Amino acid sequence: VMQQGQQAYQRGSFDQALAAAKQAADLFKASGNASGQVEALVLSAQASMGVGQSKQALQSLELALALAHQSDNSLQEASVLGHLGRAYLTLGQLNEASEYLQHASALANNQSVSSLIATTKNDLGILLALRQQDQEALNAFEDSVAHSQSAKLPLLAATARANAARALLRLGQPVNSRVALDVALD
């Protein structure tokens, strides 16, 4: 059921993904699999955001966070915190986004998980760019690129480079911005 939900989400069938994720979360709960339940709740939240149900998405993520915290799985907790930060970022609630993303980034750094560090650094860069803290945003995007490469995530590396190019442009460095875009395109 979880796999069906993930496939539906990847196809953009958010209603189907939401239904499957909810069913998977219930099945994981019934079997006592807290880790699986957390993953299903995160998928449910992503699908909820896809259909414009932000309140439901946040509720699913808060429940997932509580379960990850109870099971003392700091890697899963960091992932959920990152999703919460991204959700708040999407909703334009920058203070809440900052709190969750900073916490996720700290946990990811403690666990030395490059893929999670790369994701949270890119999200933090976006947050900083929205706050017009362009140099700090650029630093976060560059960290994201380095960790994306380490984790072999070329799409995230390209995204972070494109984001860095925007920051460089705002910092008055059009030549460096162009170079960053060219590398991202490659």
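Residues numbered from 1 in each chain as written. Predicted model: local features only at pLDDT ≥ 70, side-chain atom pairs only at ≥ 80, totals over all residues. Heavy atoms only, no water.

**What to know about the overall build of the protein chain**
Helix and strand content of the protein chain: ten helices and zero strands. Moving toward the C terminus, one meets the helices and strands of the protein chain in the order α-α-α-α-α-α-α-α-α-α. Computed over the C-alpha atoms, the radius of gyration of the protein chain is 17 Å, within 12% of the 16 Å expected from 2.2 N^0.38 for a compact globule of 186 residues. Taken along its principal axes, the extent of the C-alpha atoms in the protein chain is 55 × 35 × 30 Å. Expressed as a percentage of the 186 residues in the protein chain, the buried residues total 44%. In the protein chain, 48% of the contacts between residues at least 6 apart in sequence involve partners at least 24 apart. Looking at the protein chain as shown, the accessible area adds up to about 9600 Å², and 50% of this sits on carbon and sulfur atoms. Positive and negative side-chain charges of the protein chain, numbering 12 and 15 respectively, have mean locations separated by a distance of 5 Å. (Helix = DSSP H or I, 4+ residues; strand = E, 2+ residues; numbered from the N terminus. Rg over C-alpha atoms; globule rule 2.2 N^0.38 Å. Buried < 20%, exposed > 50% of the residue type's maximum accessible area, 1.4 Å probe, protein only. Contact = heavy atoms within 4.5 Å. Areas by Shrake-Rupley, 256 points an atom, 1.4 Å probe, with all protein chains shown as cover. Lys, Arg positive; Asp, Glu negative; His and termini not counted. Charge placed at Lys NZ, Arg CZ, Asp CG, Glu CD.)

**Section: the nonpolar core**
Core analysis: the biggest nonpolar cluster contains 35 residues, and Val38, Leu61, Val80 and Leu84 have the highest contact counts within it. Secondary-structure elements contributing two or more residues to this core are α2 (14-31), α3 (34-50), α4 (54-70), α5 (74-90), α6 (94-111) and α7 (114-130). Ranked by size, the runner-up nonpolar core spans eleven residues in total, among them Ala129, Phe141, Ala164 and Ala167. (Core = buried A, V, L, I, M, F, W, Y, C linked by side-chain atoms within 4.5 Å.)

**Quick notes on unusual backbone geometry**
The backbone of Ser112 shows a phi angle near 55 degrees, a positive value even though the residue is not glycine. With respect to the element layout, Ser112 can be found in the loop between α6 and α7.

**Observations concerning the pattern of salt bridges**
The full count for this structure, using the stated rule, is four salt bridges. The salt bridge involving Asp123 is made with Arg86; its shortest N-O contact spans 2.7 Å. Of the two residues, Asp123 is situated in helix α7 and Arg86 in helix α5; the sequence distance between them amounts to 37 residues. On the basis of relative accessibility, which here comes to 27%, the residue Arg86 falls in the partly exposed class. (Salt bridge = Lys/Arg side-chain N within 4 Å of Asp/Glu carboxyl O.)

**Focus on the side chain of Lys121**
Relative to the helices and strands, Lys121 resides in helix α7. By relative accessible area, Lys121 is classed as buried at 18%. The residues touching Lys121, leaving out its near neighbours within four places in the chain, are Ser105, Ala140, Asp143 and Ser144.

**Here's the deal with the packing of α5 against α6**
Running from amino to carboxyl end, α5 crosses α6 at an angle of 155 degrees, the nearest separation of the two axes being 7 Å. Put simply, α5 runs roughly antiparallel to α6. The interaxial crossing formed by α5 with α6 has left-handed handedness. Side by side, α5 and α6 meet where Ser74, Glu77, Ala78, Leu81, Gly82, Leu84, Gly85, Arg86, Tyr88 and Leu89 of the first sit next to Leu94, Glu96, Ala97, Tyr100, Leu101, His103, Ala104, Leu107, Ala108 and Gln111 of the second. (Axes fitted to C-alpha atoms, helices over the stretch in contact; angles between N-to-C directions. Parallel < 35°, antiparallel > 145°, perpendicular 65-115°, else oblique. Left-handed = near helix turned anticlockwise from the far one by under 90°.)

**Looking at the environment of Leu89**
Relative to the elements of secondary structure, Leu89 occurs in helix α5. Along the primary structure Leu89 and Ile126 are separated by 37 residues, whereas in three dimensions their C-alpha atoms are 8.5 Å apart. Apart from residues no more than four positions distant in its own chain, Leu89 is found in contact with Leu94, Ala97, Asp123, Ile126, Leu127 and Leu130.

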